[in-house]
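Residues per chain are reported as follows:
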Amino acid sequence: MRGSGEAAGSLASLTPFALAFLAGYSVEVLFAFMDRLVAVFAGRRDAAGSEAGPRR
């Protein structure tokens, strides 16, 4: 089993481009979370993430 020092060392050995590539995948998840958070505080009913059109 790896220690926490070894795991941190392997993460630090990644190139900046590899780190940017991995971070790029988490951006969409971050923005989806922020959209839900704003929807909750704004009081919208479609805060669960459904892309409903405008109400008529």
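Our subject is the structure that appears above.
Residues numbered from 1 in each chain as written. Predicted model: local features only at pLDDT ≥ 70, side-chain atom pairs only at ≥ 80, totals over all residues. Heavy atoms only, no water.

Caption draft 1: The arrangement of the overall build of the protein chain in detail. Summing up its helical and strand segments, the protein chain has 2 helices and 0 strands in all. Across the 56 residues of the protein chain, 4% fall into the buried class. (Helix = DSSP H or I, 4+ residues; strand = E, 2+ residues; numbered from the N terminus. Buried < 20%, exposed > 50% of the residue type's maximum accessible area, 1.4 Å probe, protein only.)

Caption draft 2: Structural view of helix 2 (residues 16-42). Helix length check: helix 2 (27 residues) gives 37 Å between terminal C-alpha atoms against 39 Å at 1.5 Å per residue, within 8%. Approximately 30 degrees is the largest bend angle found in helix 2, and it occurs at Tyr-25. Taken from the residues just after helix 2, Gly-43 is the one with a positive phi, measuring 85 degrees. (Expected span 1.5 Å × (residues − 1). Bend = angle between axes of the 7 residues up to and from the residue.)

Caption draft 3: Broad picture of a nonpolar patch on the surface. Residues Val-27, Leu-30, Phe-31, Phe-33, Met-34, Leu-37, Val-40 and Phe-41 make up a contiguous nonpolar surface patch of roughly 810 Å² in combined accessible area. Note that Phe-33 resides in helix 2. (Patch = residues over 30% accessible without salt bridge, like charges linked within 9 Å, V, L, I, M, F, W, Y side chains within 5 Å. Areas by Shrake-Rupley, 256 points an atom, 1.4 Å probe, with all protein chains shown as cover. Salt bridge = Lys/Arg side-chain N within 4 Å of Asp/Glu carboxyl O.)

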